[in-house]
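Chain and residue survey
The lines below spell out each chain.
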Amino acid sequence: MKRACLNRKHVKMTDQFINRSSLTENFTVLPNALLNDARVSSEGLALMVYLLSKPLSWQLSPAEIRKRFKWGKDKAYKVISALIECGYIVKDTQRDSGKYVSHVYFIYDTPQISPFPDLPEPVKPEPANKDTIKNRDTICNTTEERTEPNKSDEWFEKFWSLVAHKQAKPQCKAKFLRAAKDTDPALIVKVYEQQLQSHRSKGKGVEYFRRPLTWLNQEAWHDPIEAKDFTGADTREGRVHARVRHWMKNKYWNDAWGFPPDHPGAMIETKTALKELQHG
């Protein structure tokens, strides 16, 4: 006990409670949004910190995870499944000639899916006179033409050539082709390109732009603010209004913007923008 007290005298005290070392190698950078994500359990957070400390070529193995954390099989798969649900892990099934081979896991420090689940699509009954309607209605003809698999595939490749993050391509393609059934794929590509250009014009790096799967899951091509041509002056007030409008529609709010509009601690300009948009 006496030795412990003596050792304590050698500890350098500072005016701050959180103290970090100045590391130049063998360290890991983690986004605060991950560390503060309330959806992630303590076990999930511990696993994410461990996974993100690994080299880029390292592959997740449930057996290795069980050994490292001393978890049982059920516990390990439960934690991994929870992170898949949150979008931090993407599970891809590898097949050969249609036969299952293995599972491959891709790890991300930001969610690759929207935190808001997709609503189930209603089942639309087939019209009684389908052929007659198709020949008579030019809108139906346009829809049929633009959703042909080969054309949608071509538009997806165009979309993929533009995306800022080449991640989760199979999942992105499935989501894109699904969206192309109801939306002109050319419009999806055009809006993404415009939003990315706007993001860059504000001096922001592409690493801070939404991941393609997140963008597709949020159906960001419907955003009336980000979908327009960004040629005018971009004021702070305009950006705040755009964020609040997007929050009102999709309930998405970035931690970097402070508290959300309905929080008592929200900034005055955020609260003002919310009142103005609510009352027209």
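This is a predicted model, so every value here is computed, not measured. Within every chain, residues take consecutive numbers counted from 1 along the sequence as written. Given that this is a predicted model, residues contribute local features only at a pLDDT of at least 70 and side-chain atom pairs are listed and counted only at 80 or more, while totals for whole chains, interfaces and linings are drawn from all residues. Calculation of side-chain values draws on the structure's entire complement of heavy atoms; hydrogens and water are dropped beforehand.

1. Points about the overall build of the protein
Formally: The secondary structure listing takes helices from DSSP runs of H or I that are at least 4 residues long and strands from runs of E that are at least 2 residues long, numbered from the N terminus. For each residue, the accessible area found with a 1.4 Å probe, counting protein chains only, is set against the maximum for its type, and the residue is called buried under 20%, exposed over 50%, and partly exposed in between. Should any heavy atoms of two residues lie within 4.5 Å, those residues are counted as being in contact. Surface exposure here means Shrake-Rupley accessible area, sampled with a 1.4 Å probe, where a residue is shielded only by the protein chains that are shown.
The helix and strand tally for the protein stands at 13 helices and two strands. By residue count, 29% of the 280 residues in the protein fall in the buried class. Taking the contacts inside the protein whose residues are at least 6 apart along the sequence as the reference set, 55% of them involve residues at least 24 apart. Accessible surface computed for the protein: about 19,400 Å², of which carbon and sulfur atoms make up 53%.

2. Examining the environment of His263
Applied cut-off: In protein, a polar contact means a hydrogen-donor-capable atom and an acceptor-capable atom, both N or O and within 3.5 Å, with residues adjacent in sequence counting only if both atoms are side-chain atoms; elsewhere, any N or O pair within 3.5 Å suffices.
Secondary-structure assignment places His263 in the loop between helix H12 (236–250) and helix H13 (268–278). Taking relative accessible area as the criterion, His263 reaches 33% and is therefore assigned partly exposed. Reaching out from His263, the side chain makes a polar contact with the backbone nitrogen of Gly265 at a distance of 2.8 Å.

3. Here we look at helix H3 (residues 42–52)
Quick reminder: α-helices carry 3.6 residues per turn. Residues three or four places apart thus point the same way. To be explicit about the condition: What the arc covers is the set of directions going from the helix axis to the C-beta atoms.
Among the residues making up H3, those that are buried are Gly44, Leu47, Met48, Tyr50 and Leu51. Viewed along the axis of H3, the buried residues span an arc of 165°, placing them on a single side of the element.

4. A short note on the pattern of salt bridges
Going by this rule: Within this document, salt bridges are pairs made up of a side-chain nitrogen of Lys or Arg and a carboxyl oxygen of Asp or Glu, the two lying within 4 Å of each other.
For the structure shown, the criterion picks out three salt bridges. The partner of Lys75 in a salt bridge is Glu43, with the nearest N and O atoms 3.8 Å apart. Note that Lys75 is positioned in helix H5 (residues 73–86) and Glu43 in helix H3, a separation of 32 residues in sequence.

5. Focus: the packing of H3 against helix H4 (residues 62–69)
The condition that has to hold: In this analysis, axes come from line fits to C-alpha atoms, helices being fitted only over the stretch in contact, and the angle between any two N-to-C directions falls in the range 0 to 180 degrees. Angle categories: roughly parallel below 35 degrees, roughly antiparallel above 145, roughly perpendicular from 65 to 115, and oblique for all the rest. When the near helix sits turned anticlockwise from the far one by under a right angle, the crossing is termed left-handed; a clockwise turn instead gives a right-handed crossing. By the convention adopted, Pro, Cys, Tyr, Trp, Phe, Met, Ile, Leu, Val and Ala count as nonpolar, Lys, Arg, Asp and Glu as charged, and the other residues, Gly among them, as polar.
The contact between H3 and H4 brings their axes to 12 Å, and the two run at 115°. By the angle between their axes, H3 is roughly perpendicular relative to H4. Classified by chirality, the crossing of H4 by H3 is right-handed. Residue-level contacts link Ala46, Leu47, Tyr50 and Leu51 of H3 to Glu64, Ile65, Arg68 and Phe69 of H4. Per-class residue counts for the contact of H3 with H4 are six nonpolar, no polar and two charged.

6. Describing the packing of aromatic side chains
To keep things clear, this is the line we draw: Ring pairs shown here join Phe, Tyr and Trp side chains whose ring centres sit within 6.5 Å, with only the six-membered ring taken for Trp; geometry is labelled stacked below 30 degrees between planes, edge-to-face above 60, and tilted in between. Definition used: whenever NZ (Lys) or CZ (Arg) falls within 6 Å of the ring centre and also within 35 degrees of the ring normal, the charge is taken to sit over that ring.
Per the counting criterion, the structure on display carries twelve aromatic pairs. With centroids separated by 4.6 Å and ring planes inclined at 20°, the aromatic side chains of Phe69 and Trp71 adopt a geometry described as stacked. Taking relative accessible area as the criterion, Phe69 reaches 18% and is therefore assigned buried. A network of ring pairs unites the aromatic residues Phe156, Phe159, Trp160, Phe176, Tyr192, Phe209, Trp215 and Trp221 as a single cluster. The ring centre of Phe69 lies 5.2 Å from the NZ or CZ of Arg68, which sits over that ring.

7. Let's talk about the confidence of the model for the protein
Rule in force here: What pLDDT expresses is the predictor's confidence in each residue, scored from 0 to 100.
In this model, the protein carries a mean pLDDT of 76, and residues with pLDDT of at least 70 account for 74%. Scored below 50 in pLDDT, residues 114–124 makes twelve contacts in the model with residues more than four places away or belonging to other chains. The low-confidence segment residues 130–147 (pLDDT under 50) makes 16 contacts with residues lying over four places distant or belonging to another chain.

8. Remarks on unusual backbone geometry
Look at Ala168: it is not a glycine, yet its phi comes out positive at around 55°. Of note, Ala168 is situated in the loop between helix H8 (149–162) and helix H9 (169–179).

9. A look at the packing of H3 against H5
At their nearest, the axes of H3 and H5 sit 9 Å apart, and the two run at 80° to each other. Comparing the axis directions of H3 and H5 gives the class roughly perpendicular. Mapping the contact onto sequence places Glu43, Gly44, Leu47 and Met48 in H3 and Lys75, Val79, Ile80 and Leu83 in H5. Of the residues that constitute the contact of H3 with H5, the class distribution is five nonpolar, one polar and two charged.

10. Topic: a nonpolar patch on the surface
Just so we agree on the cut-off: Here the term patch refers to residues with relative accessible area over 30% and no salt bridge, with like charges joined within 9 Å and nonpolar side chains (Val, Leu, Ile, Met, Phe, Trp, Tyr) within 5 Å.
Together, Leu23, Phe27 and Val29 make up a nonpolar patch on the protein surface, roughly 320 Å² of accessible area in all. Inspection of the secondary structure puts Leu23 in the loop between helix H1 (2–8) and helix H2 (32–35).

11. Comments concerning the nonpolar core
Put simply, the test is: The nonpolar core is taken to be a set of buried Ala, Val, Leu, Ile, Met, Phe, Trp, Tyr and Cys residues, with the residues joined through side-chain atoms within 4.5 Å.
Ranked by size, the top nonpolar core spans 21 residues in total, and within it Phe159, Phe176, Ile188, Tyr192, Trp215, Leu216 and Trp221 carry the most contacts. Those elements that provide at least two residues to this core are H8, H9, helix H10 (185–201) and helix H11 (212–217). Of the residues forming this core, the biggest block, five residues, is contributed by H10. Val40, Met48, Leu51 and Trp71 belong to the second-largest nonpolar core, a separate cluster that totals 18 residues.

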